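Architecture at a glance
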Amino acid sequence: AGRRVPEDVSIVGFDAIPEAEFFTPPLTTVRQDFIEVGRRGFELLRGQIEGGGPPDGRIVIPTELIVRASTAPPPA
């Protein structure tokens, strides 16, 4: 389409695949702790099986933004 990365459009990946740093340009990505996601999901399921209700409020699992060369500041 004739677009340049990151000059015309910024690209952000998700899941922090190991190859992201070797792309051209290296891909900015979001890393999640999938072990913690699984653990929390299991705890919720177990709680429901044991007769508990839905959780109080939201469950937030921190993520990490890994900035590389596929993103740029917005144009002025």
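Structure: above.
Reference entry: report on the structure contained in this document.

Regarding the environment of Gly-41
When you line up the elements, Gly-41 lands in helix H1 (residues 34-49). With 20 residues separating them along the chain, Gly-41 and Ile-61 place their C-alpha atoms 11 Å apart.

Structural notes on the sheet that holds strand E1 (residues 12-14)
The strands that make up a sheet are held in pairs by hydrogen bonds between backbone atoms, and each pair lies either parallel or antiparallel. Here we have three strands laid out as an open sheet, ordered E1-E2-E3, and mixed in their pairing. At either margin of the open sheet sits one strand with a lone partner, and together these are E1 and strand E3 (63-66). On average, each strand axis in the sheet is inclined to that of its neighbour by 20 degrees, with strand direction left out of account.

Brief notes about the pattern of salt bridges
Applying the stated criterion to the full structure yields five salt bridges. Across the pair Glu-36 and Arg-39 runs a salt bridge, and its minimum N-O distance is 2.4 Å. A residue pair is termed a helical-turn pair when its members lie 3 or 4 positions apart in one helix, as Glu-36 and Arg-39 do in helix H1 at three residues. Given a relative accessible area of 39%, Arg-39 falls into the partly exposed group. Within the structure, one salt-bridge network assembled from shared partners comprises Glu-36, Arg-39, Arg-40 and Glu-43.

Structural notes on unusual backbone geometry
With omega at 5 degrees, the peptide bond leading from Val-5 into Pro-6 counts as cis. Here Pro-6 is to be found in the segment before E1. The residue after Thr-24, namely Pro-25, is reached through a cis peptide bond having omega -5 degrees. On the secondary structure map, Pro-25 appears in the loop between E1 and strand E2 (28-32). Residue Asp-15 is not a glycine yet carries a positive backbone phi of 90 degrees. Using a relative accessible area of 37% as the deciding quantity, one classes Asp-15 as partly exposed. Positive phi outside glycine occurs at Ala-16, with the angle close to 50 degrees. If you trace the backbone, Ala-16 turns up in the loop between E1 and E2.

Reading the values: the criteria
Residues numbered from 1 in each chain as written. Predicted model: local features only at pLDDT ≥ 70, side-chain atom pairs only at ≥ 80, totals over all residues. Heavy atoms only, no water. Helix = DSSP H or I, 4+ residues; strand = E, 2+ residues; numbered from the N terminus. Pairing = 2+ DSSP bridges. Axes fitted to C-alpha atoms, helices over the stretch in contact; angles between N-to-C directions. Salt bridge = Lys/Arg side-chain N within 4 Å of Asp/Glu carboxyl O. Buried < 20%, exposed > 50% of the residue type's maximum accessible area, 1.4 Å probe, protein only.

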